[in-house]
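A look at the structure
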Amino acid sequence: MRAVAVDLDALGDTRKLWRDFLADSARRFASISPLDPDALPEDRAVAAEELDRWAEAGVGDWRVALERFAEDRAPVYLRPSAEASAALRTLTAAGARIGVYTDAPEPLARIALAHLGAERRVEALETGTGARERLLARLGGEAEVAGTADDLRRLAQSVSARS
């Protein structure tokens, strides 16, 4: 195995942090421009496009607000997983290149990687629309995909079994 593309949420669930950011933003900027977080698409890349249009109404750069929100609250929402960390160690020790993909905006993904303790083992990060496809292109055609924590664990176990 030369490379592994890992879904960020296989390392730690970032969706609650995202939803709470949206709820906080809707409350904070309600007087400037209404936002219904429940009406936004589940796909965060598509939701980001809608937030860009919302920001044009005068609320400012929502990505900066997301970065601040995530920096302040990531320790509450995101805990490093011993199992995921062990899997990443096993894969990198076997020489696999590790990349992470997510539909989440870049500020959230970057902060999540740091708080999950995975940042130093990750060679590449792709975010937003088409992130998985871009990452697979960067890593090469032989990259394996770990879309869940179970997938990541199984890949690490298969590498361990071959050693």
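Predicted model, so just to flag it, every value in this text is computed and none were measured. (Residues numbered from 1 in each chain as written. Predicted model: local features only at pLDDT ≥ 70, side-chain atom pairs only at ≥ 80, totals over all residues. Heavy atoms only, no water.)

Moving on, we get to the overall build of the protein chain. In terms of regular secondary structure, the protein chain is built from eight helices and four strands. Starting at the N terminus and ending at the C terminus, the protein chain contains elements arranged as β-α-α-α-α-α-β-α-β-α-β-α. Taken over the C-alpha trace, the protein chain has a radius of gyration of 17 Å; the compact-globule value for 163 residues is 15 Å, and the two agree within 12%. For the protein chain, the spread of C-alpha atoms along the principal axes amounts to about 60 × 30 × 20 Å. By the burial criterion, 44% of the 163 residues in the protein chain qualify as buried. Long-range contacts, defined as pairs at least 24 residues apart, comprise 76% of the intrachain contacts of the protein chain with a sequence gap of at least 6. Total accessible area computed for the protein chain in this model is approximately 8,300 Å², and 47% of it derives from carbon and sulfur atoms. Between the averaged position of the 23 positive side-chain charges in the protein chain and that of its 28 negative side-chain charges there is a distance of 6 Å. (Helix = DSSP H or I, 4+ residues; strand = E, 2+ residues; numbered from the N terminus. Rg over C-alpha atoms; globule rule 2.2 N^0.38 Å. Buried < 20%, exposed > 50% of the residue type's maximum accessible area, 1.4 Å probe, protein only. Contact = heavy atoms within 4.5 Å. Areas by Shrake-Rupley, 256 points an atom, 1.4 Å probe, with all protein chains shown as cover. Lys, Arg positive; Asp, Glu negative; His and termini not counted. Charge placed at Lys NZ, Arg CZ, Asp CG, Glu CD.)

This part covers the packing of helix α2 (residues 15–28) against helix α3 (residues 44–55). Viewed as axis vectors pointing N to C, α2 and α3 meet at an angle of 15°, and their least axial separation amounts to 13 Å. Our classification of the angle between α2 and α3 gives roughly parallel. The handedness of the crossing between α2 and α3 is left-handed. Seen from α2, the contacting residues are Arg15, Trp18, Leu22 and Ser25; seen from α3, they are Arg44, Ala47, Leu51 and Trp54. Residue composition of the contact of α2 with α3, by class: five nonpolar, one polar and two charged. (Axes fitted to C-alpha atoms, helices over the stretch in contact; angles between N-to-C directions. Parallel < 35°, antiparallel > 145°, perpendicular 65-115°, else oblique. Left-handed = near helix turned anticlockwise from the far one by under 90°. Nonpolar A, V, L, I, M, F, W, Y, C, P; charged D, E, K, R; others polar.)

Tallied over the full model, the rule gives one cavity of 30 Å³ or more. For the largest cavity, the calculated volume is near 50 Å³. Counting residues per element, the lining of the largest cavity draws most heavily on helix α5 (residues 82–93), at three residues. Class assignment of the residues belonging to the lining of the largest cavity gives a composition of six nonpolar, three polar and no charged. (1 Å grid on protein atoms, 1.4 Å probe; cavity = no way out; pocket = protein on both sides within 12 Å on 5 of 7 lines; lining within 4 Å. Points joined across faces, edges and corners; volume = space filled by probe spheres on them.)

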